[in-house]
Amino acid sequence: MSGYDYGRAGLVGIGTPQANPTVEAEMAILLPAGMAMAVTRLTSVVGAAPLERLRDYLLHLPLHLAAYDTLRPAVFGFACTASSYLVNDGAARAVLDACETRFGYPVITAADAIAQALDRIGARRIALVSPYPASLREAAVRFWSAKGYRLNPVLAAGDLMPDADTRGIYALGSTHAAAALAQADLSGVDAVLLSGTGMPSLPLIAGWTGAMPVLSSNLCLAAALAAPLGQGDLLDLESAAGRAWRARCRTATLEA
């Protein structure tokens, strides 16, 4: 039995896009205190076009996991939703299967974690809120529509231009998503999805009082990592685990 002091409830790996400042901050809020995370940066060729860079993150995942050397987390979370929108399902599954075989632990993508959460609550009509430029937002709509979900309304958080660098997302806050939702007709919607790991989402979700649940890429991924390790239900905001992360969120976002 290991005598290592930290992460006694489980060590999880996280892969975050190279310039993304949000994944680690939100995972630190979401994951229960007994869990530890080891983060690797998802990198791409310098100067790559934004959409190619996002594809690279997933297609080159074996290289990113090899950076862990001998470290073997209990499970690894791939925290870039947009990569799944741009790589076809067959190619993505081949990469994930190869990684699991080579490294010996499960690999869960943010997109797969979202699908698990949506299916669990029986949501079929989704209000999609994303900070993406138009081309990537359209790819997101195609991805979820192909899986049988109805996306209406589709809302833009922030005002990135159609040809903008996707790294512009990292300047946005949860208030941008809140502003988009405030203008939307959500009647008949089963769930709201805040897609993208780079836009902060937890302050909005923690304070949400609407009739339907609000999910985000980081929340769903953290829930998918924590549940198999017996660390509670992060999606249920009134559960012990849900109340705990909401309290941590309030502390983390207090004005100094």
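Everything below is about the structure printed above this text.
## Details of the packing of aromatic side chains
Evaluation of the coordinates by the stated rule reveals 8 aromatic pairs. When the centroid spacing of 6.1 Å and the interplanar angle of 85° are considered together, the rings of Y85 and Y132 count as edge-to-face. Taken together, the residues span a long stretch of sequence, with Y85 in helix α4 (residues 81-86) and Y132 in the loop between β5 (125-130) and α7 (134-146) at a distance of 47 residues. One exposure class covers both Y85 and Y132, and it is buried. Note on W144 and Y149: the rings are 5.7 Å apart at their centroids and 75° apart in plane angle, and the pair reads as edge-to-face. Overall, the relative accessible area of 5% leaves Y149 in the buried class. Taken together through their ring pairs, the aromatic side chains of Y85, Y132, F143, W144 and Y149 make up a single cluster. Residue placement shows R124 over the ring face of Y149; its charged tip is 4.3 Å from the ring centre.

## What to know about the nonpolar core
Residues L61, W144 and W245 are the most contacted members of the largest nonpolar core, which totals 87 residues. Take this core: its biggest share by element is 8 residues, from helix α10 (residues 217-226). Leaving out residues up to four positions away in the same chain, W245 has contacts with I29, L30, L202, I205, A206, L219, L234 and L237.

## Some words on the pattern of salt bridges
Per the stated rule, a full pass over the model turns up 7 salt bridges. When the shortest N-O distance is used, the salt bridge between R41 and E24 registers 2.5 Å. Taken together, the residues R41 in strand β2 (residues 35-42) and E24 in helix α1 (residues 22-30) connect sequence positions 17 residues apart. Accessibility expressed as a relative area gives 29% for R41, which makes it partly exposed. On the basis of relative accessible area, E24 is assigned to the partly exposed category, the value being 28%. When the shortest N-O distance is used, the salt bridge between R93 and D97 registers 3.0 Å. Of this pair, R93 and D97 both sit in helix α5 (residues 89-103), 4 residues apart, which is roughly one turn of that helix.

## Some remarks on the sheet that holds strand β4 (residues 107-109)
Spatially, β2-β1-β3-β4 is the arrangement adopted by the 4 strands of the open sheet, whose pairing is parallel. Both edges of this open sheet fall to β2 and β4, since each of them pairs with a single strand only. Each adjacent strand pair in this sheet contributes to an overall mean axis angle of 25°, direction not counted. Here 3 bridges tie strand β3 (residues 75-78) to β4, and the two strands are oriented parallel to one another.

Reading guide: rules and limits
- All residue numbers refer to position in the chain's written sequence, counted from 1.
- Selection of residues for local features in this predicted model requires a pLDDT of at least 70, selection of side-chain atom pairs for listing and counting requires 80 or more, and totals for whole chains, interfaces and linings are taken over all residues.
- Side-chain metrics in this entry use all non-hydrogen atoms of the structure; hydrogen atoms and water are not considered.
- Aromatic pairs are defined between Phe, Tyr and Trp rings, using the six-membered ring for Trp, whenever the two ring centres lie within 6.5 Å; interplanar angles under 30 degrees are classed as stacked, those over 60 as edge-to-face, and all others as tilted.
- Strands are runs of DSSP state E lasting at least 2 residues, helices are runs of H or I lasting at least 4, and numbering of each runs from the N terminus.
- Exposure categories follow from relative accessible area, calculated using a 1.4 Å probe and restricted to protein chains: below 20% of the type maximum is buried, above 50% is exposed, and the middle band is partly exposed.
- Any Lys NZ or Arg CZ that is within 6 Å of a ring centre and within 35 degrees of that ring's normal is treated as a charge sitting over the ring.
- As used here, the term nonpolar core means buried Ala, Val, Leu, Ile, Met, Phe, Trp, Tyr and Cys residues forming a set that is joined through side-chain atoms within 4.5 Å.
- Only heavy atoms matter for contacts: two residues are in contact if any of them lie within 4.5 Å across the pair.
- Here, a salt bridge means any Lys or Arg side-chain nitrogen found within 4 Å of an Asp or Glu carboxyl oxygen.
- When DSSP finds two or more bridges between a pair of strands, those strands are recorded as paired.
- The axes used here are C-alpha line fits, helices contributing only the stretch in contact, and every angle between their N-to-C directions lies in the interval 0 to 180 degrees.

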